[in-house]
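Here are the chains, one letter per residue:
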Amino acid sequence: MNPARKRKVRLVVALSAAVVLAAALIYTSFSAASPALTPSQLLHQAESGRSYVLTGTVAAGSVRHRGEVLDFAVRDRKGTTTIPLAYTGTVPDPFKEGREVIVTVEKQGGRYVGERNTLITKCPSKFKTAPAGGQRSS
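Caption draft 1: The overall build of the chain, seen in detail. Helices and strands together make up the secondary structure of the chain, namely 2 helices and 8 strands. Helices and strands in the chain line up, N terminus first, as α-β-α-β-β-β-β-β-β-β. Counting all 138 residues of the chain, 26% fall into the buried class. The contacts of the chain with a sequence gap of at least 6 include a subset with a gap of at least 24, amounting to 48%.

Okay, here's the thing in structure tokens:
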């Protein structure tokens, strides 16, 4: 085989392999992503046995410890829909009522169970809007 033709064949094979690998990487990254759902969205879309990422605010008066299980409810940020769930695993220090959380849950029958060690709390913003009169709060 001619050396120039051999180089062309190698280049075409290498470029083809690179394109296939890049396409596989893009497909994997987009198919693995699951959007975070609010409690009201989760109630309408959840199927038993599937995992979902739930985001919302810890409902006031809902936090209860039952041995190693933490029972609490997540509510819509700007709504009234709440989902009670049972969670086992590490609980972040800033976890409390009124704090925004993200947790992976699975619907098991008619209840929601948080997957172990998936609870994340969102930190409140340090920056507040300046009150009328131009004074900033810190």
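Caption draft 2: Just the pairing of strand E6 (residues 100-108), in detail. As paired elements, strand E2 (residues 51-58) and E6 share 7 bridges and run antiparallel to each other. By the bridge assignment for E6, Leu 54 is matched with Val 103. Across 2 bridges, the pairing between E6 and strand E8 (residues 120-121) is antiparallel. Bridged to Ile 102 within E8 is Ile 120. Sheet analysis places E6 next to strand E7 (residues 111-114), joined by 4 bridges and oriented antiparallel. Across the sheet, the residue bridging to Lys 107 is Tyr 112, located in E7. The antiparallel pairing of E6 with E7 creates a hairpin that spans 2 residues between the two strands, and Gly 109 there sits at a positive phi of about 70 degrees.

Caption draft 3: How the structure looks around the confidence of the model for the chain. On average, residues of the chain carry a pLDDT of 85, and 86% of them reach 70 or more. Mean pLDDT across the elements of the chain bottoms out in strand E1 (residues 36-37) (86) and peaks in strand E4 (residues 69-75) (94).

Caption draft 4: Up close: the nonpolar core. Of all hydrophobic cores here, the largest spans 18 residues; its most connected members are Leu 42, Phe 72, Leu 85 and Val 105. Looking at this core, the elements that each hand over two or more residues are E2, E4, strand E5 (82-88) and E6. Those residues in contact with Leu 42 that lie beyond four places of it in its chain are Leu 37, Tyr 52, Leu 54, Ile 83, Val 105 and Tyr 112.

Caption draft 5: Spotlight on the side chain of Thr 104. You can see Thr 104 is positioned in strand E6. When its relative accessible area of 19% is taken as the criterion, Thr 104 is described as buried. Contacts of Thr 104, omitting those with residues within four sequence positions, involve Ser 51, Tyr 52, Val 53, Val 113, Gly 114, Glu 115 and Thr 118.

Rules used in this analysis
- Residues numbered from 1 in each chain as written.
- Predicted model: local features only at pLDDT ≥ 70, side-chain atom pairs only at ≥ 80, totals over all residues.
- Heavy atoms only, no water.
- Helix = DSSP H or I, 4+ residues; strand = E, 2+ residues; numbered from the N terminus.
- Buried < 20%, exposed > 50% of the residue type's maximum accessible area, 1.4 Å probe, protein only.
- Contact = heavy atoms within 4.5 Å.
- Pairing = 2+ DSSP bridges.
- pLDDT = per-residue confidence, 0-100.
- Core = buried A, V, L, I, M, F, W, Y, C linked by side-chain atoms within 4.5 Å.

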